[in-house]
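This is what each chain is made of:
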Amino acid sequence: MTARIERLVTSGTFSLDGGSWDVDNNVWIIGDDDEVLVINPAHDARAIRQAIGDRRVTAIVATHGHNDHINAAPALAGLTGAPVCLHPQDEVLWRMTHPDRPADRSLADGDVLEVAGTALTVIHTPGHAPGAVCLHAPALRALFSGDTLFQGGPGATGRSYSDYDTILASIQDRLLPLPGETVVHTGHGDTTTLAAEAPHLRELLAKGS
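In this text the structure is predicted, and so the values were computed from the model without any measurement.

Novice: What exactly am I supposed to notice about helix 3 (residues 73-80) here?
Specialist: One turn of the α-helix equals 3.6 residues, which is why residues spaced by three or four share an orientation. Three or more residues of helix 3 are buried, namely A73, L76 and A77. Buried positions in helix 3, seen along its axis, are confined to an arc of 105° and lie on one side of it. Tucked into the core, helix 3 has its buried residues touching strand 3 (35-39), helix 1 (45-52), strand 4 (56-61), helix 2 (67-70), strand 5 (84-86) and helix 4 (91-97). Positive backbone phi, at 80°, marks G81, one or two positions downstream of helix 3.

In structure tokens, the structure reads:
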């Protein structure tokens, strides 16, 4: 059976640098009727577990270490037995939320994760966070961008451990070369495509050069 993409929206708070904001997060579930991979387990482990049903979870992947994307990760790991995967450069952010529970596996640029016969390649895209990653699934024409790229432009870079020039470079070097029809499944809000975002992104890149 061909892998499919499911979205669950959970709600909670994002907290950093002494502030806290209400947010809705996209939790992405990729797989088939037998097994799935979960991207960004946000806020509500039991709701995510219910959406998974009795399917086996091969991995729980955090695109970055901000609390609103990882706060349900240990609980979901406990419910499913799946390992939590994180890029090591985001351990500093992870520890702000889970100081006594490290991630189980380190992600590196170029790693390939497989679920339901579908390959997802890890792309390191620092900027929103130092260890931010995207997952590219060519067979699904899909990119899971976390908070690196949204409908309308790059992710936020106004808080600690983020950098605007770095996120622009990541988008230019790592994302824009991908096929334009690639659907971008974001960490918050609606999906978009690389082709739809490319003109605005190239304007931003031209201004920064």
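So that's the structure; there's more coming.
Novice: Could you clarify how one ought to interpret the UniProt feature "domain: Metallo-beta-lactamase" (unreviewed entry) in the chain in this entry?
Specialist: Mapped onto this structure's residue numbering, the UniProt feature "domain: Metallo-beta-lactamase" (unreviewed entry) falls at residues 24-188. Structurally, residues 24-188 comprises 24% helix and 32% strand, and the distance from its first C-alpha atom to its last is 6 Å.

Novice: Explanation requested: the packing of helix 1 against helix 3 in the structure shown.
Specialist: How two helices sit against one another is set out by the angle between their axes and by the gap between those axes. Where helix 1 contacts helix 3, the axes come no closer than 9 Å and their chain directions differ by 40°. Between helix 1 and helix 3, the interaxial angle falls into the category oblique. For helix 1 against helix 3, the interelement crossing comes out right-handed. Across the interface between the two elements, A45, R46, I48, R49 and I52 of helix 1 pack against A75, L76, L79 and T80 of helix 3. Of the residues contributing to the contact of helix 1 with helix 3, the split by class is six nonpolar, one polar and two charged.

Novice: Explanation requested: the pairing of strand 8 (residues 118-124) in the structure shown.
Specialist: A regular strand places its side chains on the two faces of the sheet in alternate fashion. Of all seven residues in strand 8, five are buried, a share of seventy percent or more. When strand 7 (residues 112-115) meets strand 8, the two strands line up antiparallel, connected through four bridges. Looking at strand 8, one finds that E114 is bridged to A119. Linkage of strand 7 to strand 8, two consecutive antiparallel strands, is achieved through a turn of two residues, within which A116 is found at a positive phi near 50°. The pairing of strand 8 with strand 9 (residues 133-137) spans four bridges and is antiparallel. When the bridges of strand 9 are listed, H124 appears paired with V133.

Reading the values: the criteria
- Residues numbered from 1 in each chain as written.
- Predicted model: local features only at pLDDT ≥ 70, side-chain atom pairs only at ≥ 80, totals over all residues.
- Heavy atoms only, no water.
- Buried < 20%, exposed > 50% of the residue type's maximum accessible area, 1.4 Å probe, protein only.
- Helix = DSSP H or I, 4+ residues; strand = E, 2+ residues; numbered from the N terminus.
- Arc of directions from axis to C-beta.
- Contact = heavy atoms within 4.5 Å.
- UniProt positions renumbered as here; feature names shortened; annotations may be inferred.
- Axes fitted to C-alpha atoms, helices over the stretch in contact; angles between N-to-C directions.
- Parallel < 35°, antiparallel > 145°, perpendicular 65-115°, else oblique.
- Left-handed = near helix turned anticlockwise from the far one by under 90°.
- Nonpolar A, V, L, I, M, F, W, Y, C, P; charged D, E, K, R; others polar.
- Pairing = 2+ DSSP bridges.

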